[in-house]
Amino acid sequence: MRPTTLTRFLLEKQREPNSTCPPELRLLIETVARACKAINHAIAKGALGDVLGSLDSENVQGEVQKKLDVLANELLVDANEWGGHLAGMASEEMETIHPIPNRYPRGEYLLVYDPIDGSSNVDVNLSVGTIFSVLRAPEACAGREVREEDFLQPGTAQVAAGYAIYGPQTLLVLTIGSGVYEFTLDRELGAWIMTDGPMQIPSGNCEIAINMARRPQWAPEVVTFIDDRLTSGKGPCGRDYNMRWTASMVADVHRILKRGGVFLYPADHRTPGKARLRLLYEANPMSFLVEQAGGASIDGAGRIMEVTPVGLHQRVGLILGDKEQVAELRGAVPA
Ligand code: FDP
């Protein structure tokens, strides 16, 4: 049987009755996928391409920017600016939104992304990724330039989300609201070939992803949850859990999609409002994928995708993965 390429998958989705993939969205996803190939190429060059290490600059969150953070951001801007499918973009590496310049046609979508997730891994040759989320530009911005408030939509408004993971293989994992599909980059052909989907998170896996060094910041409910699983044999498995932490959410979430388990980066319970992961371009797209694969995603108090954003770079606590395991913490942990 002929392999299904990303292009064919999207075209077939476009032709379905009541399609969730109009031509502009197809073009947008293909453009993001093309930019991810360029990012993959740059990452694979490593020291030979002079892309490792940090710059002197910091991003809006006060984090030192890696060369690859900036390069990947530019690759995504350059690829998506001129196609006519977007009204604007926002990214972890840009302080404010990037409206499509007047010299190009404007489309009806908004793209938000984290160009390199897990960037501390780049210099030590471990997996990193690119996360993206697609929203519809509100009708109110027709005829005017997009504004930051146009991007402040809950995760439930996403029309597509996905990530590329640059690991032993380069993969693109995508949802357009009807299941989750994995495509592997065939480097010789330059094509994304479907290799899994619709994906379902396997239930009952006894693996947890959490940064234990943050334990002093966890709410007591999280401490009990983790202790029960790691040392007392409590929890659905009836034996002690295993732990994995790659410091790249893309890699940790990918493992959960394939193998099951839970991922936690809870908010700091001592400092209200303090958390690590960003709502619009990290938590929301990952939550959309996880829910589409039969899992659940909460900030502790409730469903992540129902959080109303108040800022472009807003952070949230995040607990996602196996539905039954996430359910134990729903409502128990302060957001
Ligand atoms: P990074 O800032 O290195 O790009 O985006 C946040 C994130 O990566 C996640 O990918 C990752 O899970 C987390 O930070 C790593 O946090 P720790 O430094 O606490 O391990």
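Note that this is a predicted model, so its numbers are computed, not measured.

## Digging into the packing of helix α6 (residues 249-259) against helix α7 (residues 279-292)
In step 1: Where α6 meets α7, the axes come as close as 11 Å, and the angle between the chain directions of the two elements is 10°. Relative to α7, the element α6 is oriented roughly parallel. Between α6 and α7, the residues in contact are M249, V250, V253 and L257 and E282, M286, L289 and V290, respectively.
In step 2: Here the contact of α6 with α7 is composed, by residue class, of 7 nonpolar, no polar and 1 charged.

## Let's talk about the sheet that holds strand β15 (residues 296-298)
In step 1: Reading across the sheet, the 5 strands line up as β12-β11-β13-β17-β15 and stay open at both edges, with mixed pairing between neighbours. For this open sheet the edge positions go to β12 (242-243) and β15, each flanked by a neighbour on one side alone.
In step 2: By the bridge criterion, 4 bridges tie strand β13 (residues 262-265) to strand β17 (residues 318-321) in an arrangement that is antiparallel. Following the sheet pairing, Y265 is matched in β17 by L318.
In step 3: Relative to β13, helix α5 (residues 220-231) is tilted by about 145°, and along the sheet it contacts β11 (207-209), β12 and β13.
In step 4: Contacts from α7 reach β15 and β17 within the one sheet, and its direction differs from that of β17 by about 25°.

## Quick notes on the UniProt feature "domain: Fructose-1-6-bisphosphatase class I N-terminal" (unreviewed entry) in the protein
In step 1: Within the UniProt annotation, "domain: Fructose-1-6-bisphosphatase class I N-terminal" (unreviewed entry) is assigned to residues 5-196.
In step 2: Structurally, residues 5-196 comprises 27% helix and 31% strand, and the distance from its first C-alpha atom to its last is 12 Å.

## Looking at the domain arrangement of the protein
In step 1: Examined at the domain level, the protein breaks down into domain 1 (6-196) and domain 2 (207-327).
In step 2: With centres defined by C-alpha atoms, the gap from domain 1 to domain 2 works out at 23 Å.
In step 3: Residue-level contacts link 49 residues of domain 1 with 31 residues of domain 2.
In step 4: For the domain 1 and domain 2 pair, buried surface summed over both sides reaches about 2900 Å², with 62% attributable to carbon and sulfur atoms.
In step 5: Three residues, I131, L152 and Y163, lead the burial of domain 1 against domain 2; their summed loss comes to 19% of the area buried on that side.
In step 6: Our count for the contact surface shared by domain 1 and domain 2 stands at 3 salt bridges.
In step 7: When the shortest N-O distance is used, the salt bridge between E92 and R278 registers 3.0 Å.
In step 8: Counting across the domain 1 and domain 2 interface gives 15 residue pairs in polar contact (both at pLDDT 80 or more).
In step 9: Secondary-structure elements contributing two or more residues to the side of domain 1 that touches domain 2 are β3 (86-91), β5 (109-117), β6 (128-136), α4 (148-151), β7 (160-166), β8 (170-175) and β9 (180-186).
In step 10: Looking at the side of domain 1 that touches domain 2 residue by residue, the class counts come to 22 nonpolar, 19 polar and 8 charged.

Rules of the game
Residues numbered from 1 in each chain as written. Predicted model: local features only at pLDDT ≥ 70, side-chain atom pairs only at ≥ 80, totals over all residues. Heavy atoms only, no water. Axes fitted to C-alpha atoms, helices over the stretch in contact; angles between N-to-C directions. Helix = DSSP H or I, 4+ residues; strand = E, 2+ residues; numbered from the N terminus. Parallel < 35°, antiparallel > 145°, perpendicular 65-115°, else oblique. Contact = heavy atoms within 4.5 Å. Nonpolar A, V, L, I, M, F, W, Y, C, P; charged D, E, K, R; others polar. Pairing = 2+ DSSP bridges. UniProt positions renumbered as here; feature names shortened; annotations may be inferred. Domains from an automatic or database assignment. Buried area = accessible area lost by both parts, 1.4 Å probe. Salt bridge = Lys/Arg side-chain N within 4 Å of Asp/Glu carboxyl O. Polar contact = N/O pair within 3.5 Å; in protein donor to acceptor, adjacent residues only side chain to side chain.

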